[in-house]
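# Close look at the chain arrangement
Below are the chains, spelled out letter by letter.
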Amino acid sequence: MTATSRPAHLTWDTLRPDDAEQLCSLMNDIGEADDTGEIISLESTREFLETPGTDLARESIAVREGDRLVGYGCVDVAAQPDREGRARCRLPGGVHPSRRRRGIGGRILDAQQEIAERLAASEHPGRAGHMHVGGGLEGADVRPLLTARGFAPVRSFLEMLRELPGEQAPPAPPIAGIELRTPGDADSESVHAAHVAAFADHWGSAPSSPERWAHLWSASTRRPEFSSVAVDGSDRVLAYVMTDVWEDRRLYIALVGTRPEARGRGIGTAVLARTLGLAAASGEFDEVQLEVDGESLTGATRLYERLGFVRDKEITLYSKDLQKEAV
C-alpha cells in the first residue's frame, strides 16, 4: 500500500495497546450500525489487543483520520491446523459507518490477505489454507466487497435467545456416574481437553494453544458461577457450559460442548439445564444467548430449541482459499 494510494487525510499504520479506548468505541459503533448486537467493553478490548501470541506490528492495520481511529483490521492464524489439515486465518476488521464507501474497507481487506498469506506460509509451511471473514446479517455493507474480492459464503451461524425465567426447563434426571457442578480454576485443563475433543469434528475448528485458553479462561467477561460441567468418577470433564456477560441483563453461553464418546446420554442437556436454572434463579438476567453452527452435525440446534431457545439472527461467514500453499 503506497502513500500515493491513500486518501490524503488518512494515515495507515498498526494497532497499539493504547488504542484500546478508540478501538472499543469503533467496534461498538460498527456493531450498532450493522445491527449485529455485538457489544464489547473497554476491558475486553484491552484483552483482545493483548491476546497471547499476537504481534500487532505484524498482524494488524489501523486507519486514522487525524488522531481518530476510523478503521482497523487484524489477522489471526490458528496455531494448529483445522480438522482437514489446513491453516485457518481469521480476518476481523471494520470501518466506521460514517467513513464507508470511500475504499477504506477494500484497502484493509487487501492488506489483511497479504498478511494472511505471509503468516500462513511462515507458521504452516507446506499446508493449504483458507481465510474467514464475518459477512454479518443479510444486506450487510461488507458483503459486496467480500464478493468482489473472491470470498464466498460458506457457513451460517445462528444466534439464539431464551427468555428468563420463561418456561422452566425440566430438571435433568440423574445420570449414573455423572456429577454436575460449577467448574473451578482447577478444572481449566480438563475443560480445555473436553473442548478440543468436542470440536474436533466441527467444520473449521482448530485447537487453541494453552496460552490462549488461559487468556480466555481468565477473561474479564467470564461469569464462572453460572457455568456448568459434567464430570465422571475420575473427575474428567465430559460436557461443559462456559458463560460470559457482555451486556446488562443478558447471559452469554460462550462455549458449550460434549465429548463425542459421551453424546447421546443426555449429559449435554443436563449441563445446559443446570446453567439455565442458575441464571433464572439469580434474577440477574432477562435472557440467555448462544451461537451455533447452522449446519452442525451434532443436532445442537434441535437441543437448544427443546430447551426454549429461539432463532434471533443469522450471521454468514465468508471464506476464500489462500492463493498458494506454503513451500
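See the structure above.
Residues numbered from 1 in each chain as written. Predicted model: local features only at pLDDT ≥ 70, side-chain atom pairs only at ≥ 80, totals over all residues. Heavy atoms only, no water.

## Quick word on the overall build of the protein chain
The test is simple: The helix and strand labels rest on DSSP assignments: H or I over at least four residues marks a helix, E over at least two residues marks a strand, and numbering proceeds from the N terminus. A radius of gyration in this sense is built from C-alpha atoms; the matching globule rule multiplies 2.2 Å by the number of residues raised to 0.38. When accessible area is computed with a 1.4 Å probe and restricted to protein chains, residues below 20% of their type maximum are described as buried, those above 50% as exposed, and intermediate ones as partly exposed. Throughout, the Shrake-Rupley method with a 1.4 Å probe supplies accessible areas, and for residues the shown protein chains are the sole cover considered. Here the positive residues are Lys and Arg and the negative ones are Asp and Glu; neither His nor the chain ends is included. Every charge is mapped to an atom, namely NZ of Lys, CZ of Arg, CG of Asp or CD of Glu.
Broken down by element type, the protein chain carries nine helices and 14 strands. Relative to the 2.2 N^0.38 estimate, which gives 20 Å for 327 residues, the radius of gyration of the protein chain is 21 Å and therefore close to what a compact globule would have. Taken along its principal axes, the extent of the C-alpha atoms in the protein chain is 70 × 45 × 35 Å. Relative to its full complement of 327 residues, the protein chain shows a buried share of 49%. Here the protein chain has roughly 15,700 Å² of accessible surface; of this, 51% comes from carbon and sulfur atoms. Taking the 38 positively charged and 52 negatively charged side chains of the protein chain as two groups, their mean positions are separated by 4 Å.

## With respect to the packing of helix α6 (residues 188-198) against helix α7 (residues 210-217)
For clarity, the cut-off: Note on geometry: axes are lines fitted to C-alpha atoms, helical ones only across the stretch in contact, with angles between N-to-C directions running from 0 to 180 degrees. Orientation categories follow fixed angle ranges, with anything under 35 degrees roughly parallel, anything over 145 roughly antiparallel, 65 to 115 roughly perpendicular, and all other angles oblique. Working rule for handedness: look at the near helix, and if it is turned counterclockwise from the far one by less than a right angle, call the crossing left-handed; if clockwise, right-handed. Contacts between residues were defined by any pair of non-hydrogen atoms, one from each residue, lying within 4.5 Å. Side-chain classes follow a simple rule in which Ala, Val, Leu, Ile, Met, Phe, Trp, Tyr, Cys and Pro form the nonpolar group, Asp, Glu, Lys and Arg form the charged group, and the remainder, Gly included, forms the polar group.
At a closest axis distance of 11 Å, the pairing of α6 and α7 adopts a crossing angle of 115°. Accordingly, the angle class assigned to the pair α6 and α7 is roughly perpendicular. In the packing of α6 onto α7, the handedness of the crossing is right-handed. Contact residues: Ser188, Val191, His192 and His195 in α6; Pro210, Trp213 and Trp217 in α7. Looking at the contact of α6 with α7 residue by residue, the class counts come to four nonpolar, three polar and no charged.

## Some points on α6
Burial runs high along α6: eight of the eleven residues are buried. Listed in full, the buried residues belonging to α6 are Ser188, Ser190, Val191, His192, Ala194, His195, Ala197 and Ala198. The secondary structure elements touched by the buried residues of α6 are α7, β10 (228-231), β11 (237-247) and β12 (250-258).

## Looking at the pairing of β12
Under the convention used in this document: Here a strand pair is declared whenever DSSP counts at least two bridges between the two strands.
Burial analysis of β12 places seven of its nine residues in the buried class, the great majority of the element. Bridge count between β11 and β12: seven bridges; the pairing is antiparallel. Bridging from a neighbouring strand, Thr243 pairs with Ile253 of β12. Hairpin remark: β11 followed by β12, antiparallel, with two residues in the connecting loop; positive phi at Arg249, about 70°. Where β12 lies against strand β13 (residues 287-293), four bridges are found, and the strand directions are parallel. Within β13, the residue paired with Leu251 across the bridge is Val288.

## Re the pattern of salt bridges
A side chain of one charge can pair with a side chain of the opposite charge when the charged atoms of the two come close. We count it as follows: Note on definitions: salt bridges are taken to be side-chain nitrogens of Lys or Arg within 4 Å of carboxyl oxygens of Asp or Glu.
Enumeration over the complete set of coordinates arrives at 33 salt bridges. As a salt-bridge pair, Glu84 and Arg86 come within 2.8 Å of each other at their nearest N and O atoms. Here Asp141 makes a salt bridge to Arg100, at a shortest N to O gap of 3.0 Å. Taken as a pair, Asp141 in the loop between β7 (129-134) and α5 (142-148) and Arg100 in the loop between β6 (93-95) and α4 (104-123) lie far apart in primary sequence, 41 residues in all.

## What to know about unusual backbone geometry
Here Leu164 and Pro165 are connected by a cis peptide whose omega angle stands at 0°. In this fold, Pro165 is placed in the loop between β8 (152-163) and β9 (179-181). A positive phi angle is found at Asp35, which is not glycine, with a value near 60°. Structurally, Asp35 is set in the loop between α1 (20-33) and α2 (42-49). Given the relative accessible area of 49%, Asp35 is considered partly exposed. The residue Asp235 is not glycine, and still its phi comes out positive at about 65°. With respect to the element layout, Asp235 can be found in the loop between β10 and β11. Asp235 sits in the partly exposed class, given a relative accessible area of 40%.

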